[in-house]
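Residues per chain, in single letters:
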Protein chains: 2
Amino acid sequence: MAATSIPQLKLGAFFLIPGHHIAAWRYPEAESASVMDLGLYKRLAQTAERGRFDLIFLADSYSVSNRYPAAIEQIVSARPEPLTLLSALASVTSHVGLAATASTTYNEPFHVARKFATLDHLSGGRAAWNVVTSKYDEEAHNFSQGSHLLHEKRYERAEEFVRVATGLWDSWEDDAFLYDKENAKYADRSKAHPLHHHGEWFSVKGPLNVSRPVQGHPVIIQAGASEAGKELAAKTAEVIFTAWPTLPEARTFYADVKGRLAKYGRAADSLIIMPGLFPVIGRTEEEARDKKARLDALVPVEAGVTLLSALVDRDLTGCDVDGPLPDLPQAEAVNAGRSRFQLVKELGEREGLTIRQLYQRISGARGHLEVVGTPAQIADTMEEWLLGGACDGFNIMPPYFPGGLDDFVEFVVPELQRRGIFRTEYEGATLRDRLGLARPVHPAAAAGATSR
Amino acid sequence: MAATSIPQLKLGAFFLIPGHHIAAWRYPEAESASVMDLGLYKRLAQTAERGRFDLIFLADSYSVSNRYPAAIEQIVSARPEPLTLLSALASVTSHVGLAATASTTYNEPFHVARKFATLDHLSGGRAAWNVVTSKYDEEAHNFSQGSHLLHEKRYERAEEFVRVATGLWDSWEDDAFLYDKENAKYADRSKAHPLHHHGEWFSVKGPLNVSRPVQGHPVIIQAGASEAGKELAAKTAEVIFTAWPTLPEARTFYADVKGRLAKYGRAADSLIIMPGLFPVIGRTEEEARDKKARLDALVPVEAGVTLLSALVDRDLTGCDVDGPLPDLPQAEAVNAGRSRFQLVKELGEREGLTIRQLYQRISGARGHLEVVGTPAQIADTMEEWLLGGACDGFNIMPPYFPGGLDDFVEFVVPELQRRGIFRTEYEGATLRDRLGLARPVHPAAAAGATSR
């Protein structure tokens, strides 16, 4: 069984229809008008499952970015609500994990805990929750609030929110429900554990009106890369989605976060780090480069400037597109998307790029790892990052759908399998099994085991 | 085409697993341990579709009723979250409507509007929202609130909530999205309509980040039968779920509500009234009565008293079960479930029932119409109510699942079809089509049509 000692990649399929490239919707092969069509998502989910992906991932936000005209006219901003879509996909898939974003800033822990618990039951233990704290004032304005919560406050609220949600998942012990028709015992009352939480942000009594999830707790994903984000992740995350354009940066981050686990009593393999990967696949390197150039050429100037304005949180629409970036504040002064801000700012300053050059550089991968080449070249990079201590897997961001995912599954996955770094069949029953994450023991059972 | 002049029944399948009878879970044929199992719900949804039902309905509440020990031990209180479940069923059905409850008291309009809009898109126009204002203090305690909002305040909030949600569904005109790759026009900005709502309860800017629902607006259902509930329904509802044990009461309610429509400029057929129907089906009347008696005999005393305590909002666990009901307050003094309270109170007082007799009377239908008999007898009653001006259809509440629904579809539906009062094939494309409800014209299009 020598093969078991080779590290194994974890793979996520990041669904962003019609594609991760900002101009994907103009690409001839992108199915841009199918953004609300269940049929397309079914096909994609089944493709991901054929490719033995660990999970499908759906990002989210609670507003249409409409600060700039181009945001509505040239950027896709209306999409299905992720949990609703994932539930629909639960009944037409059998193995792939189902990960959705839900914000702790504009939700209630009872609702979020309950929906993910339900998804976990209905999918037979395949649910994962990407915990975010939201980004924009526009989101606050849709929830009767004047402005977005400050960065520090958001993270405090997020920490308590996750604590309440996991407490609610433990409302019932695993064997609390007896269904004993003969003796008229539906449930064992001694195995119900109301939460009685009274915190700074929430008061939640419980118990949850859903039995304990199949996985104990759905898998917890996080994506913050700021100092507060890394600390929260080290404390509570089981998967991290992150963005690094180069191996050295990714390796530094990987060592940093894994190094924080011990102080919370956690083993290194209890947290899986998955950077985003934007793959542009060609039969030859030239074909891949040509495809990338065709995508880039489709970016309207206004859309590019709008994308960049959102990432640096500053209106650039009045600036000379072939001039330099204006001076930007220090990252610490930015309230939202702080780590992405820093990454983009550094890229622009380091290489002295014009506004046009900078938006072209990020209109595809948006700061994530970008590989343009043959399936073997893409697999080379993935293997190098995996074996080089830079990641445990990747969140795959196809430039356009469905073709970009189809090609990855048809050409790159077999290449990874041939190298022995990716599964050829699904193992285990739940998403946790596939990710190698332990099922959380119920606190009452843990206490019982200790006192024995 | 004489048949078109015969009124046609609308039918809902009210899914409450393992059954509507309080002791259903003890019934031998009930699949009580499958309450979280998608497989069971898939089968039931496909049965409802085979039976040509208009819709499947899922009720909801946000707490476990645990005031009394028996509530946890002998009553089913943990079930799937309705919207999550309905989404999962959207992808394994093609025709049947998908109706879920969501409370306006403990939700945000942006989230609710978005989830139902998404369900409407993914299901091809089959979504319906049952608007409720919630009932219990226990629910408040799960959302950082000390007590449940007062009745009047709840209805004020509900009215504004529905107004905001429908406004968000109109965020985009039907043809706002162009997907014009050639001319780089994804959307027409002039067809985006942010809401800019600033009300007493909510401030919501919009636009919604989902395109206009297939049905324009998902169908709006309500269930309140109090004065405030009836008025809100006459103003905003398209379907009413209601509970009446006898034809005269149902007929009075029907005339009352339909009579309120004119003052809001609405036609009588723009609101569909569907009382609940609890059918106990036997090949003979005797077999049906025997089945009902077997179900009733399964109700443990504690569960019966608990059910009754919840309905009259008063702890009866210390009372003599074979004695009379204690004096109860006037309905006006009750904050939640007011109309159901009144119905149960009146039933007990009118017939001078003991506590045991009263809980036995309501442990099945809970105040809804109950018919125990052959398929022909059940069809007789349904036809009598339909032709007698007491309803436009029924929300079917099988005593136990899956058998109670199977029997209804196998034996009662053909009986209704033979009488020409129920469809034999699905007509139209959306739930609105099936219910005969008009698709709401977008306000901008309506204004344009007027000014022409």
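What you see is a predicted model, and the numbers here were worked out from it, not measured in a lab. (Residues numbered from 1 in each chain as written. Chains lettered and ligands numbered in written order. Predicted model: local features only at pLDDT ≥ 70, side-chain atom pairs only at ≥ 80, totals over all residues. Heavy atoms only, no water.)

Some remarks on the side chain of E81 of chain B
Take E81 of chain B: it is sitting in the loop between α2 (69-74) and α3 (82-90). A polar contact is formed between the side chain of E81 of chain B and the backbone nitrogen of L83 of chain B, at a distance of 3.2 Å. (Helix = DSSP H or I, 4+ residues; strand = E, 2+ residues; numbered from the N terminus. Polar contact = N/O pair within 3.5 Å; in protein donor to acceptor, adjacent residues only side chain to side chain.)

Digging into the environment of A250 of chain B
All names here are of chain B. Counting through the fold element by element, A250 comes out in helix α8 (residues 247-260). The class of A250 is buried, set by a relative accessible area of 0%. Taking the C-alpha atoms as reference points, A250 and A100, 150 residues apart in sequence, are found 24 Å from one another. Those residues within four positions of A250 in sequence are excluded, and the remaining contacts are W244, W385 and A390. (Buried < 20%, exposed > 50% of the residue type's maximum accessible area, 1.4 Å probe, protein only. Contact = heavy atoms within 4.5 Å.)

Things to note about the domain arrangement of chain A
All names here are of chain A. The domain boundaries assigned to chain A delineate domain 1 (8-286 + 365-451) and domain 2 (300-362). Each of domain 1 and domain 2 was reduced to a C-alpha centroid, and the two centroids are 27 Å apart. In this assembly, 26 residues from domain 1 lie in contact with 20 residues from domain 2. Among the residues domain 1 hides against domain 2, the three largest losses belong to Y68, Q74 and R366. Together they make up 32% of the total. Taken together, the links from domain 1 to domain 2 amount to 2 residue pairs in polar contact (both at pLDDT 80 or more). Put simply, the parts of the chain that give the side of domain 1 that touches domain 2 at least two residues each are α2 (69-74) and α6 (151-169). Partitioning the side of domain 1 that touches domain 2 into residue classes produces 13 nonpolar, 6 polar and 7 charged. (Domains from an automatic or database assignment. Buried area = accessible area lost by both parts, 1.4 Å probe. Nonpolar A, V, L, I, M, F, W, Y, C, P; charged D, E, K, R; others polar.)

Some points on the packing of helix α10 (residues 301-312) of chain A against helix α11 (residues 338-351) of chain A
Residues and elements named next belong to chain A. Closest axis-to-axis distance for the α10/α11 pair is 8 Å, and the angle between their directions is 120 degrees. For the element pair α10 / α11, the angle class is oblique. In this structure, α10 contributes L308, L311 and V312 to the contact, and α11 contributes R340, F341 and V344. In terms of residue class, the contact of α10 with α11 is made up of 5 nonpolar, no polar and 1 charged. (Axes fitted to C-alpha atoms, helices over the stretch in contact; angles between N-to-C directions. Parallel < 35°, antiparallel > 145°, perpendicular 65-115°, else oblique.)

Thoughts on the interface of chain A and chain B
Facing the 75 residues of chain A at the interface are 75 residues of chain B. Interface of chain A and chain B: buried area, both sides summed, is about 6700 Å²; carbon and sulfur atoms make up 58% of it. On inspection of chain A and its partner chain B, the count reaches 8 salt bridges. Of the charged contacts in the structure, one is a salt bridge between E73 of chain B and K185 of chain A, with a shortest N-O distance of 3.6 Å. Summed over the shared surface of chain A and chain B, the number is 42 residue pairs in polar contact (both at pLDDT 80 or more). Those elements giving two or more residues to the side of chain A that touches chain B turn out to be α1 (38-50), α2, α3 (82-90), α4 (109-122), β5 (177-180), β6 (185-187) and β8 (203-204) of chain A. Examining the composition of the side of chain A that touches chain B, we find that 8 residues originate from one element, α4 of chain A, more than from any other. Each residue belonging to the side of chain A that touches chain B can be placed in one class, and the counts come to 40 nonpolar, 20 polar and 15 charged. (Salt bridge = Lys/Arg side-chain N within 4 Å of Asp/Glu carboxyl O.)

Section: the pairing of strand β4 (residues 127-132) of chain A
Residue and element names in this part refer to chain A. In terms of residue burial, β4 counts as a mostly covered element, since 5 of its 6 residues are buried. Across 6 bridges, the pairing between strand β3 (residues 97-103) and β4 is parallel. Note on β4: the bridge partner recorded for A102 is V131. Traced from β3 through α4 to β4, the parallel crossover comes out right-handed. In this sheet, strand β9 (residues 219-222) lies alongside β4 in parallel orientation, the contact comprising 4 bridges. Paired with A128 across the two strands is V219, which belongs to β9. (Pairing = 2+ DSSP bridges. Right-handed = clockwise from strand over helix to strand, strands pointing away.)

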